[in-house]
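# Fold and contact review
Residue strings, one per chain:
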Amino acid sequence: MAWWLRSYALLFRWALLRLRFVVPLMVLIQIVLSVGIVVGFAFLIPGVDEDPVAAQYLSTGAMAIALIAVCMAFAPSMVSQQKTQGIFDFQRSLPVPRSATLVADATTWVLVALPGLAAGMLAATLRFDLELRVSPLALPAVLLVALTCVSIGYAIAYLVPPMAAQMTTNLVLFFALMFSPINFPEERLPEWLASLHDVLPLTYMAQAIRDTLAVPAEGVSGLPFAVLGLWCLAGLATTQWVMSRRG
């Protein structure tokens, strides 16, 4: 255990040093994205100020989109660069637990995402005068969403060639922003697309955050946590398998 913790600490420090020049820009982009969704999308939705449900979807959806952007788009892009630069092969050669590498990277990206989450929620509170009913599960929900995004993004980045990985993760971000019931209710989607989202994790990411920041009358549903847990385990297992392969 001590070896794992020491490996994690060293890998986490190394990750911060590698990203020290790009992290400020990523944080800035994420803050602009989170605030932009809250403020900009409000212009596209008629009567959003008089519709508390729409305002709630838009506000909490901005947080989900921010996490998806950082952990499922930016992070895999960095992994793709590492593969082309030889850093990926170097990481696999290090005498450290593969799980420590994954957890260190995930910690880094969660920290990068936090300023944007805070900025988005602050902008939503000021813009819509939201009344939040925060659950104790809010922090675990955010961490689970972030870890699920990282695990899926890393699985994509490790499995496919760098260029294809970057295009795929950008497509996922576009799909989440435009065609996923994150910033709007699922009822607005065609039936076939709504059925597709019943198995994809994007809807459950938004629901986990929304239900724990504005707890509904029936309480917080356990379904989003269960589905995200399965997707997270699948992504982590795939990433672990790829990192442990020889050659």
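Residues numbered from 1 in each chain as written. Predicted model: local features only at pLDDT ≥ 70, side-chain atom pairs only at ≥ 80, totals over all residues. Heavy atoms only, no water.

Moving on to the overall build of the protein. A tally of helices and strands in the protein yields 10 helices and zero strands. For 247 residues, the compact-globule formula gives about 18 Å, and the C-alpha radius of gyration of the protein, at 18 Å, lands near that figure. Viewed in the frame of its principal axes, the protein has a C-alpha envelope of about 55 × 35 × 35 Å. Buried positions account for 50% of the 247 residues belonging to the protein. When the accessible area of the protein is evaluated, it comes to approximately 12,000 Å², of which 71% is carbon and sulfur surface. Side-chain charges in the protein split into 13 positive and 13 negative, and the spacing between the mean points of these groups amounts to 24 Å. (Helix = DSSP H or I, 4+ residues; strand = E, 2+ residues; numbered from the N terminus. Rg over C-alpha atoms; globule rule 2.2 N^0.38 Å. Buried < 20%, exposed > 50% of the residue type's maximum accessible area, 1.4 Å probe, protein only. Areas by Shrake-Rupley, 256 points an atom, 1.4 Å probe, with all protein chains shown as cover. Lys, Arg positive; Asp, Glu negative; His and termini not counted. Charge placed at Lys NZ, Arg CZ, Asp CG, Glu CD.)

Time to look at the pattern of salt bridges. Applying the stated criterion across every chain yields a total of one salt bridge. The partner of aspartate 105 in a salt bridge is arginine 18, and the shortest N-O contact between them spans 3.9 Å. Note that aspartate 105 is positioned in helix H5 (residues 98–128) and arginine 18 in helix H1 (residues 2–18), a separation of 87 residues in sequence. (Salt bridge = Lys/Arg side-chain N within 4 Å of Asp/Glu carboxyl O.)

Once that is clear, we can look at the UniProt feature "transmembrane region" (unreviewed entry) in the protein. Look at the UniProt record and you will see "transmembrane region" (unreviewed entry) annotated at residues 21–45, 57–79, 100–125, 137–160 and 223–243. Segment residues 21–45 splits into 80% helix and 0% strand. End C-alpha atoms: 37 Å apart. In residues 100–125, helix accounts for 100% and strand for 0%; the two terminal C-alpha atoms are 37 Å from one another. (UniProt positions renumbered as here; feature names shortened; annotations may be inferred.)

Turning next to the UniProt feature "domain: ABC-2 type transporter transmembrane" (unreviewed entry) in the protein. According to UniProt, the feature "domain: ABC-2 type transporter transmembrane" (unreviewed entry) maps to residues 25–212 in the numbering used here. A distance of 29 Å separates the end C-alpha atoms of residues 25–212, which is 79% helix and 0% strand.

This part covers H5. In a regular helix each residue adds 1.5 Å, so 31 residues correspond to 45 Å; H5 covers 44 Å between its end C-alpha atoms and thus fits that length. Along its length, H5 reaches its greatest deviation from straightness, about 30 degrees, at alanine 113, and the proline proline 115 lies no more than four positions downstream. Positive phi appears at aspartate 129, one or two residues downstream of H5, with a value of about 55 degrees. (Expected span 1.5 Å × (residues − 1). Bend = angle between axes of the 7 residues up to and from the residue.)

Before going further, it helps to spend a moment on the environment of alanine 138. Inspection of the secondary structure puts alanine 138 in helix H6 (residues 138–159). The sequence separation of alanine 138 and aspartate 211 amounts to 73 residues, and the corresponding C-alpha distance is 8.3 Å. Among all residues touching alanine 138, those that are not within four sequence positions of it are Thr212 and Leu213. (Contact = heavy atoms within 4.5 Å.)

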